[in-house]
Amino acid sequence: MIKPAGTKYMAKKKIDTGNDTPVEKDGVKKANPAAKKPVAASKAVKKPVVALEKEKKPAPKKQAAAEPILKNVEVYSRFTDFDIALFKSGKHYKLYEKLGSHVIQFKDVIGTYFAVWAPNAQYVAVVGNFNGWNRGSHPLYVRWDGSGIWEGFIPHVGNGETYKYYIKSSTGEDLEKADPFALRWEVAPHTASIVADTYYEWKDGDWMANRFRHNALNLPYSVYEMHIGSWARNVESPDEFLTYSQLADKLVPYIKEMGFTHVEFMPIMEHPYYPSWGYQITGFFAASSRYGSPQELMYLVEKLHGAGIGVILDWVPSHFPGDAHGLFKFDGTHLYEHADPNKGFHPDWKSYIFNYGRNEVRAFLISNALFWLERYHVDGLRVDAVASMLYLDYSRNHGEWETNIYGGNENLEAISFLKEFNEAVYQHFPDTQTIAEESTAYTGVSRPVYTGGLGFGMKWMMGWMHDTIKYFSTDPLYRKYHHNQITFSLIYVFTENFMLPFSHDEVVYGKGSMLNKMPGDEWQKFANLRLLYSYMFTHPGTKLLFMGCEFGQGNEWNYQNSLDWHVLQYPNHQGIKEVIKALNQLYKDEPALYEKGFEGDGFEWVDGGNANDSILIYNRKGHDEANELVIVLNMTPIPHYDYRVGVHSKGKWVEIFNSDAKQFWGSGIENAGPVNTETVTWHGREHSINITIPPLSATVFKKVKVVPPKYELK
């Protein structure tokens, strides 16, 4: 079995998983008996918990007197000279093992080692409940090697303790900053960091060992995108979030029922402003405490893996907010962001852009990416706002940006960073995927770095999404005048490894729900939506659908409320849900839909030019010719009878999918039984079949020896 590099597994006995929880005694790691079961955010520990001390019996007074007397802060370091060299060169990809807070044992005393990068500070101290937030009692020591790292061991501080760094800047400014590497934060609106660990006894070894069988680009890849805070709420208290572990009990069986292969969580990293949906991150290494502890999130991931479902996280290396406790002007200077506002300030989001040219910042970001892949067993990262990183003039007016050294508008430092990020991810975790949300015509986003590409595994097909929604929003009467809009994507679909998204961005801010984008009366709206999804699942590329869209929610997505699950009591919405289930099953069962999803010979037009009838006919092909499919799309509410379609080979062809089936709340017009080919040349093929085409429908035909079941509600 192949195991991904950089990951260790739990055997029957406890071993070091690579997590930071084994207590380190004078540099030697030991198992941490203080590790506990997941603790919900609402039950956050208020008093510091000192690891191991509960396990000890009361010591005789004479032994207690013999305990080493330590200073408030002892000189201690987890950094070697090699670590520092890697950090300075931007090549240290596991900084989370060094910087931040780590419970250790030093001179037989349990405490916490703190380390923070603040090169322009003149004084740094740890403040928290344990010292009454006294800025003068626990100062850290600055390293002698010019790394800008301040560090030290504080005895009798353990998991659960809240803290910040007090920083006296070089200009005399007083700052209190949360820990950039903290593994847990207080629940917003509180902003302190919490000493925590990521210890967890994983039980997903089989998934991790065989993950490459689920994540390959020549396999079905159907993603359910969701926002954890608004997928579902507590029924008794709608204002309360479900915890990660509570979510597992509801979400895992639902995604399995629907047939999605992966789930993508919108950013779950700690963010102070909930309406940002997680895209304004302050705690890059912390799972949001709104929904529970790190271990609860790990439990959710583990349960998803147990059900055969991969986990993708939205990752945001493009910007961060200017909150006083966050990364902005961390040590009184522009440490993580560019000092030049033309490079360092994002005009759209009023946030700050990372300085990709600074080695230590690159190491911070790449370490963060690998952290989620290693500690949380995540199977992929969807990188947000790549377009904003690639171009210096992104969303800027004339005079608000400066060219690169060659006079162009490409952000060379960001491009270099993205290439290094992808190389690091695929080197350490070759069975994962990186996915770029990139909306421009930049060349080679999903091509290997060694060929000049950015190195992503996939790229969102934003142009296809916008063209498709615009076309389907048009009244069917006028679609014949917009025929090129729906066929245009096939001109460039194989230039990248494209993922077809209908994402959260399309159902907010007055854009309307997917259902309400569809024209016509109620029946036509639902028929159009079923047709739209069928087109997506039969079009080359992987798939992504935002939560609520899978059952035709009528309202726009509202992050403050649960989805409108109650509409599933109505047959029209239930029909949308069932068609998604059927399409996911069709996608998995038919190799022609995924084996050559990124290859030109996996698609062939049969008739892409019938604009007058607004009918599209095409083949999807896999490695075996016997698996070839014929897809027929009727974009109008007019049915067609005795419609002839050319096919490559003679035999019996059967309709294996029909979006107009009654089980999907369709009209029920179908091709019952096998359709025999006739030796009538049509569409440039020697053989053809005569079929019925239902209104506003997608039908899929396959030549078979034994008639297969239809993909519909049983």
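Whatever comes next refers back to the structure up there.
Keep in mind that this is a model prediction, so the values were computed, not measured.

All right, on to the pairing of strand S3 (residues 100-106) then. Here S3 lies mainly inside the structure; 7 of its 7 residues are buried. Along S3, one buried face is formed by Gly-100, His-102, Ile-104 and Phe-106 and the opposite face, lined by Ser-101, Val-103 and Gln-105, is buried too. As defined by bridge partners, S3 adjoins strand S4 (residues 109-117) across 7 bridges and the pair is classed as antiparallel. Across the sheet, the residue bridging to Gln-105 is Ile-110, located in S4. Connecting S3 to the antiparallel partner S4 that follows it, the hairpin turn spans 2 residues, and Lys-107 within it adopts a positive phi of roughly 55°.

Across all of its chains, the model carries 25 salt bridges by this definition. One salt bridge connects Arg-290 with Glu-270, and the closest N-O pair in it is separated by 3.4 Å. Of this pair, Arg-290 sits in the loop between strand S15 (283-287) and helix H7 (294-306) while Glu-270 sits in strand S14 (residues 269-270), and the two are 20 residues apart along the sequence. For the pair Arg-290 and Glu-270, a shared accessibility class is recorded, and that class is buried. Taking the shortest distance from any N to any O, the salt bridge between Lys-581 and Glu-578 comes out at 3.3 Å. In this pair, Lys-581 and Glu-578 both sit in helix H17 (residues 571-589), 3 residues apart, roughly one turn of the helix. Residue Lys-581 is classed as partly exposed on the basis of its relative accessible area, which comes to 22%. The network of salt bridges with common partners includes Glu-264, Asp-314, Arg-382, Asp-384 and Glu-437.

With antiparallel pairing, the 6 strands of this open sheet are ordered in space as S24-S25-S26-S31-S28-S29. Edge positions in the sheet fall to strand S24 (603-610) and strand S29 (675-676), since each of these pairs with one other strand and no more. Here 5 bridges tie strand S28 (residues 652-658) to strand S31 (residues 697-703), and the two strands are oriented antiparallel to one another. Paired with Trp-653 across the two strands is Lys-703, which belongs to S31. Against the sheet, H17 makes contact with S28 and S31, and its axis sits at roughly 135° relative to S28, the strand it touches most.

With that settled, consider the environment of Ile-167. With respect to the secondary-structure elements, Ile-167 resides in strand S8 (residues 162-169). A relative accessible area of 0% means that Ile-167 is categorised as buried. With near-sequence residues (within four places) excluded, Ile-167 lies in contact with Ala-118, Ala-121, Tyr-123, Val-124, Glu-173, Asp-174, Leu-175, Lys-177, Phe-330 and Asp-331.

Turning our attention to the sheet that holds strand S23 (residues 542-546). Within a beta sheet, neighbouring strands are joined by backbone hydrogen bonds and run either parallel or antiparallel to one another. With parallel pairing, 8 strands are arranged side by side around a closed barrel as S12-S13-S16-S19-S20-S21-S22-S23. Ignoring which end each strand starts from, the neighbouring axes of this sheet average 25° apart. Alignment of strand S21 (residues 458-460) against strand S22 (residues 498-502), held across 2 bridges, turns out to be parallel. Across the sheet, residue Lys-459 finds its bridge partner in S22, namely Phe-498. Lying over the sheet, helix H11 (residues 412-428) contacts strand S16 (310-315), strand S19 (380-383) and strand S20 (433-436), oriented at roughly 155° with respect to S20. This element, helix H16 (residues 522-538), spans strand S12 (222-226), S22 and S23 of the sheet and lies at about 150° to S23.

Okay, the nonpolar core next. One finds Tyr-224, Phe-265 and Tyr-533 to be the most contacted residues of the largest nonpolar core, which totals 197 residues. Sorting elements by how many residues they give to this core places helix H9 (residues 359-375) first, with 10 residues. With residues near it in sequence (within four places) discarded, Phe-265 still touches Met-226, Ile-228, Leu-251, Leu-300, Leu-304, Val-311, Ile-312, Leu-313 and Asp-314. Counting 14 residues, the second-largest nonpolar core is a separate cluster that includes Val-606, Ile-617, Ile-689 and Ile-693.

In this section: empty space enclosed by the protein. Under the definition given, this model contains 8 cavities of 30 Å³ or more. When its volume is computed, the largest cavity comes out at roughly 90 Å³. Around the largest cavity sit 16 residues that line it, and Met-547, Gly-548, Cys-549, Gln-553 and Asn-555 are the ones nearest its centre. Elements with a contribution of two residues or more to the lining of the largest cavity: helix H15 (514-517) and H16. Split into classes, the residues belonging to the lining of the largest cavity amount to 10 nonpolar, 5 polar and 1 charged.

What counts, and where the lines are drawn
- Residues numbered from 1 in each chain as written.
- Predicted model: local features only at pLDDT ≥ 70, side-chain atom pairs only at ≥ 80, totals over all residues.
- Heavy atoms only, no water.
- Buried < 20%, exposed > 50% of the residue type's maximum accessible area, 1.4 Å probe, protein only.
- Helix = DSSP H or I, 4+ residues; strand = E, 2+ residues; numbered from the N terminus.
- Pairing = 2+ DSSP bridges.
- Salt bridge = Lys/Arg side-chain N within 4 Å of Asp/Glu carboxyl O.
- Contact = heavy atoms within 4.5 Å.
- Axes fitted to C-alpha atoms, helices over the stretch in contact; angles between N-to-C directions.
- Core = buried A, V, L, I, M, F, W, Y, C linked by side-chain atoms within 4.5 Å.
- 1 Å grid on protein atoms, 1.4 Å probe; cavity = no way out; pocket = protein on both sides within 12 Å on 5 of 7 lines; lining within 4 Å.
- Points joined across faces, edges and corners; volume = space filled by probe spheres on them.
- Nonpolar A, V, L, I, M, F, W, Y, C, P; charged D, E, K, R; others polar.

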